[in-house]
Amino acid sequence: MRGFLDISIQTLNEDSISVVNEANDSFPIIGKIIPSYRDGVWMYEEQLYEKVYETRFPDDSLDWSEYINREDKQVFLAFDETTCIGQIRVARDWNRFAYIENIAVQKAYRNSGLGHLLIGVAETWAKEQSLLGLSLEAQNDNVIACRFYAKEGFALGGVDTLKQTGNPNIDMTLYWYKIF
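Residues numbered from 1 in each chain as written. Predicted model: local features only at pLDDT ≥ 70, side-chain atom pairs only at ≥ 80, totals over all residues. Heavy atoms only, no water.

### Details of the overall build of the protein chain
- Helix and strand counts for the protein chain come out as two helices and nine strands.
- Counting from the amino terminus, the protein chain carries its helices and strands in the arrangement β-β-β-β-β-β-α-β-α-β-β.
- Against the globule reference of 16 Å for 180 residues, the protein chain gives a C-alpha radius of gyration of 16 Å, in line with a compact fold.
- Taken along its principal axes, the extent of the C-alpha atoms in the protein chain is 45 × 40 × 30 Å.
- Expressed as a percentage of the 180 residues in the protein chain, the buried residues total 44%.
- Within the protein chain, residue pairs in contact and separated by at least 24 positions form 65% of the contacts whose partners lie at least 6 positions apart.
- As displayed, the protein chain offers around 10,000 Å² of accessible surface, 49% of which is attributable to carbon and sulfur atoms.
- Of the side-chain charges in the protein chain, 17 are positive and 27 negative, and the distance between the mean point of each set is 4 Å. (Helix = DSSP H or I, 4+ residues; strand = E, 2+ residues; numbered from the N terminus. Rg over C-alpha atoms; globule rule 2.2 N^0.38 Å. Buried < 20%, exposed > 50% of the residue type's maximum accessible area, 1.4 Å probe, protein only. Contact = heavy atoms within 4.5 Å. Areas by Shrake-Rupley, 256 points an atom, 1.4 Å probe, with all protein chains shown as cover. Lys, Arg positive; Asp, Glu negative; His and termini not counted. Charge placed at Lys NZ, Arg CZ, Asp CG, Glu CD.)

Set out below in structure tokens:
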């Protein structure tokens, strides 16, 4: 496990726009989440696959200047010296939650506590904005991410079976919430 002696967290600025996607590595698909709703509570089980495969989200190509020096949204980048190893992108949502638009950690830094550190930065930002909590979406085939969210104190709060209609590999979008 790597220590955080050389890790720094910085807000996105003009100089760091060129490295914002450097943490966007592939990740394993090991199964899918099967949610159920009983007695007013969302629960889920994992259905693990016999064969694991890797996938990768495309790099985000946003107008990154829209995230610089803003009160309503922010990108936080994690650096190991000068290498961008992680990012979390948050925005104030209409429901008074901080919506996590993206979180990414380079493969070499996964399971090191860096994701926890990034969630902590987002939580601090949300509390400074007087928001109610954190929210995010995950696809039901991203079991490892869902495990991470549950470990970080998020609860499954809803499911959308239509959002991924254009993606034949994904059955559902899962909505996760961490209420302060």
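### A look at the pairing of strand 4 (residues 73-80)
- Counting buried positions along strand 4 yields eight of eight residues, so the element is predominantly enclosed.
- Inspection of the sheet shows strand 1 (residues 7-11) paired to strand 4 by five bridges, in the antiparallel sense. Within strand 4, the position partnered with glutamine 10 by the bridge is leucine 77.
- Of the pairings in the sheet, the one linking strand 4 to strand 5 (residues 83-92) comprises eight bridges and is antiparallel in character. Note on strand 5: the bridge partner recorded for lysine 73 is alanine 91.
- Hairpin connection between strand 4 and strand 5: a loop of two residues separates the two successive antiparallel strands, and glutamate 81 in this loop has a positive phi of roughly 60 degrees. (Pairing = 2+ DSSP bridges.)

### A word on helix 1 (residues 114-128)
- Between its terminal C-alpha atoms helix 1 stretches 21 Å, which fits the 21 Å expected from 15 residues at 1.5 Å a residue.
- Positive backbone phi, approximately 60 degrees, marks serine 130, located one or two places after helix 1. (Expected span 1.5 Å × (residues − 1).)

### A word on the nonpolar core
- Judged by nonpolar contacts, the single largest core of 33 residues is most densely connected at Ile88, Ile100, Leu114, Leu134, Tyr149, Phe154 and Trp176.
- The greatest single-element share of this core, amounting to seven residues, is contributed by helix 1.
- Excluding anything up to four places from it in sequence, leucine 134 contacts Phe97, Ala98, Ile100, Ile119, Ala122, Glu123, Ala126, Phe154, Trp176, Tyr177, Lys178 and Phe180. (Core = buried A, V, L, I, M, F, W, Y, C linked by side-chain atoms within 4.5 Å.)

### Some words on the sheet that holds strand 4
- Reading across the sheet, the seven strands line up as 1-4-5-6-7-9-8 and stay open at both edges, with mixed pairing between neighbours. At either end of the open sheet lies a strand with only one pairing partner, and these are strand 1 and strand 8 (155-160). Strand-to-strand twist in this sheet, taken as the mean axis angle between neighbours without regard to direction, amounts to 25 degrees.
- Across seven bridges, the pairing between strand 7 (residues 133-139) and strand 9 (residues 173-179) is antiparallel. (Axes fitted to C-alpha atoms, helices over the stretch in contact; angles between N-to-C directions.)

### So, the pattern of salt bridges
- In total, this model carries 11 salt bridges according to the counting rule given.
- Here lysine 107 ties to glutamate 54 by a salt bridge, and the two come within 3.3 Å at their closest N and O atoms. Here the residue lysine 107 occupies a position in the loop between strand 6 (97-105) and helix 1, and glutamate 54 occupies one in strand 3 (residues 41-55), the gap between them amounting to 53 residues.
- Of the residues examined, lysine 107 reaches a relative accessible area of 43% and is grouped as partly exposed.
- Between glutamate 101 and arginine 89 there is a salt bridge, and its shortest N-O distance comes to 2.8 Å. (Salt bridge = Lys/Arg side-chain N within 4 Å of Asp/Glu carboxyl O.)

### Describing the environment of alanine 126
- Of note, alanine 126 is situated in helix 1.
- Residue classification places alanine 126 among the buried residues on the basis of a relative accessible area of 0%.
- Along the backbone, alanine 126 and valine 19 are 107 residues apart, and their C-alpha atoms lie at a distance of 24 Å.
- Ignoring sequence-local partners within four residues, the contact set of alanine 126 consists of Ala98, Leu131, Gly133, Leu134 and Phe180.

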